[in-house]
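Observations on chain architecture
What follows is each chain in one-letter form.
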Amino acid sequence: MLINTNLCKNKFVKHKDKTIMLQATSIYTQGNGEKWDVKKMFDIMLEISKTSLKVLGSEIFNQITKSK
């Protein structure tokens, strides 16, 4: 698994007649055990938050526009 990479987008895997949603955990490290710079951590968390909101918005859009 990749480190210091935003992995919060869902992956869908089809198996027979089922679709399974997978989501990997995003792991960030500096590798030196020191405290994060506040600005760097803020930028990382903001990117992850925006990606999560895009995924959520896409899912909601799909649900409300789905044919019944």
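Now for a quick tour of the structure. These numbers were taken from a predicted model, which means no experiment stands behind them. (Residues numbered from 1 in each chain as written. Predicted model: local features only at pLDDT ≥ 70, side-chain atom pairs only at ≥ 80, totals over all residues. Heavy atoms only, no water.)

**Remarks on the overall build of the protein chain**
The cut-off we apply is this: Counting from the N terminus, the helices are the DSSP runs of H or I reaching at least four residues and the strands are the DSSP runs of E reaching at least two. For a compact globule the rule gives 2.2 Å times the number of residues to the power 0.38, and the radius of gyration it is set against comes from C-alpha atoms. Residue exposure (1.4 Å probe, protein chains only): buried if accessible area is under 20% of the type maximum, exposed if over 50%, otherwise partly exposed. Throughout, a contact is declared for two residues whenever any of their heavy atoms are within 4.5 Å. Accessible surface area values rest on a Shrake-Rupley calculation with a 1.4 Å probe, where residue burial reflects the displayed protein chains alone. Counting rule for charge: Lys and Arg are taken as positive, Asp and Glu as negative, and neither His nor the chain ends is counted. We put the charge of a Lys on NZ, of an Arg on CZ, of an Asp on CG and of a Glu on CD.
The helix and strand inventory of the protein chain stands at one helix and two strands. Counted from the first residue to the last, the protein chain has its helices and strands arranged as β-β-α. Against the 2.2 N^0.38 benchmark of 11 Å for 68 residues, the protein chain shows a C-alpha radius of gyration of 16 Å, more extended than a compact globule. Taken along the three principal axes of its C-alpha coordinates, the protein chain extends 50 × 25 × 10 Å. Counting all 68 residues of the protein chain, 9% fall into the buried class. Counting only contacts in the protein chain whose residues sit at least 6 apart along the sequence, the fraction spanning at least 24 positions is 31%. In the structure as shown, the protein chain presents an accessible area of about 6200 Å², 59% of it carried by carbon and sulfur atoms. Treating the 12 positive side-chain charges of the protein chain as one cloud and the 6 negative ones as another, the clouds have centres 10 Å apart.

**Re helix H1 (residues 38-65)**
Cut-off, in case you're wondering: Any helix carries an expected span of 1.5 Å times its number of residues minus one. Any N or O atom pair separated by 3.5 Å or less is treated as a polar contact, with the protein-specific requirement of one donor-capable and one acceptor-capable atom, and with residues adjacent in sequence counted only for side-chain atom pairs.
The terminal C-alpha atoms of H1, which comprises 28 residues, lie 40 Å apart, in line with the 40 Å expected from a rise of 1.5 Å per residue. For H1, the side-chain oxygen to backbone nitrogen distance between the N-cap and Lys 39 is 3.2 Å, and the N-cap itself is Asp 37.

**Quick word on the pattern of salt bridges**
The cut-off we apply is this: Salt bridges are defined by distance alone: a side-chain nitrogen of Lys or Arg within 4 Å of a carboxyl oxygen of Asp or Glu.
What the rule picks out here adds up to one salt bridge. Residues Lys 39 and Asp 43 are paired through a salt bridge, measuring 2.9 Å at the closest nitrogen-oxygen approach. One end of the pair, Lys 39, and the other, Asp 43, are both in helix H1, four residues apart, so they sit about a helical turn from each other.

**A word on the side chain of Thr 51**
Within the element layout of this structure, Thr 51 appears in helix H1. Classification of Thr 51 by relative accessible area gives buried; the value is 13%.

Honestly, that's just the spatial picture; any functional story needs more than this.
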